[in-house]
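Coordinates in review
Residues per chain are reported as follows:
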Amino acid sequence: MSFVILQMVRLHALKALKMLGKNVGNKALPVLDTVAPVLLIAAKERSLPIKLSAERALYHLLCIAEGTDVLDQFCKSYDDADVAKRLSDFGKRVLCKLSSESDDESDDESDGSDSEDDEDIVFD
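So, here is what we can say about the structure in this document. (Residues numbered from 1 in each chain as written. Predicted model: local features only at pLDDT ≥ 70, side-chain atom pairs only at ≥ 80, totals over all residues. Heavy atoms only, no water.)

A word on the overall build of the protein chain
Within the protein chain, the secondary structure is distributed over 6 helices and 0 strands. Secondary structure of the protein chain in N-to-C order comes out as α-α-α-α-α-α. Taken across its 124 residues, the protein chain has 36% of its residues classed as buried. Taking contacts inside the protein chain between residues at least 6 apart in sequence as the whole, the part at least 24 apart equals 74%. Accessible surface, the protein chain as shown: approximately 7,700 Å² in total, 55% of it carbon and sulfur. (Helix = DSSP H or I, 4+ residues; strand = E, 2+ residues; numbered from the N terminus. Buried < 20%, exposed > 50% of the residue type's maximum accessible area, 1.4 Å probe, protein only. Contact = heavy atoms within 4.5 Å. Areas by Shrake-Rupley, 256 points an atom, 1.4 Å probe, with all protein chains shown as cover.)

As for the packing of aromatic side chains
One pass over the structure, following the stated rule, counts 1 aromatic pair. Pairing Phe 74 with Tyr 78 gives two aromatic rings, centres 5.1 Å apart and planes at 35 degrees, and the pair type is tilted. The exposure class assigned to Phe 74 is buried, which follows from its relative accessible area of 2%. Directly above the ring of Tyr 59 sits Arg 56, whose terminal nitrogen or CZ lies 4.8 Å from the centroid. (Phe/Tyr/Trp six-rings, centres within 6.5 Å; stacked < 30°, edge-to-face > 60°. Lys NZ or Arg CZ within 6 Å of the ring centre and 35° of its normal.)

Remarks on helix α1 (residues 2–24)
Each turn of an α-helix holds 3.6 residues, which means side chains three or four residues apart point in the same direction. Taking 1.5 Å as the rise per residue, α1 with 23 residues should run 33 Å; its terminal C-alpha atoms sit 33 Å apart, in good agreement. Within α1, the full set of buried residues consists of Gln 7, Leu 14, Leu 17, Lys 18 and Gly 21. Just past α1, the residue Gly 25 takes up positive phi, approximately 60 degrees. (Expected span 1.5 Å × (residues − 1).)

Looking at the environment of Leu 20
Its location among the elements puts Leu 20 in helix α1. Taking relative accessible area as the criterion, Leu 20 reaches 31% and is therefore assigned partly exposed. A C-alpha to C-alpha distance of 7.2 Å links Leu 20 and Leu 61, two positions 41 residues apart in sequence. In this view, Leu 20 contacts Gly 25, Val 31 and Leu 61; residues no more than four positions away in its chain are not counted.

Side note on the packing of α1 against helix α3 (residues 48–61)
Orientation of α1 relative to α3, taken along the N-to-C sense of each, is 20 degrees, at an axis distance of 7 Å. Judged by the angle between their axes, α1 and α3 are roughly parallel. Crossing of α1 against α3: the hand is left-handed. Counted together, Gln 7, Arg 10, Leu 11, Leu 14, Leu 17, Lys 18, Leu 20, Gly 21 and Lys 22 of α1 and Pro 49, Ile 50, Ser 53, Ala 54, Arg 56, Ala 57, His 60 and Leu 61 of α3 form the full contact between these two elements. Broken down by class, the residue content of the contact of α1 with α3 amounts to 9 nonpolar, 4 polar and 4 charged. (Axes fitted to C-alpha atoms, helices over the stretch in contact; angles between N-to-C directions. Parallel < 35°, antiparallel > 145°, perpendicular 65-115°, else oblique. Left-handed = near helix turned anticlockwise from the far one by under 90°. Nonpolar A, V, L, I, M, F, W, Y, C, P; charged D, E, K, R; others polar.)

Below you can see the structure in the form of structure tokens.
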């Protein structure tokens with residue numbers, strides 16, 4: 001049961017980062033130093049919901065819909081050259097191919113309930 005809760009917490013955190021990117025755009029650049037490496041790791045997860053949510057968060061935080069300017073700027077200024085190279089490659093190989101709206105985008109602005117599974121969790 002704790003694994004399910006952990007997955008839900010991770011998904012909610014990823015959705016919060018995605019919403020941050022959608023709402024503030026390139027003003028989220030200072031946050032990227034902390035979250036971009038973690039999101040890159042999450043985007044390679046075996047868990048499909050985590051992987052897709054991490055990709056969407058990176059997509060919006062890096063403003064990929066407007067081009068790769070934010071991605072390029074971040075990668076040039078990031079301290080760890082290895083992470084910057086992997087993020088740049090991932091952005092150009094994966095993120096640039098994502099559409100600006102996904103199937104889950106409309107769910108985020110709905111009534112706030114994410115899934116029916118939330119009702120099944122009981123905290124001891």
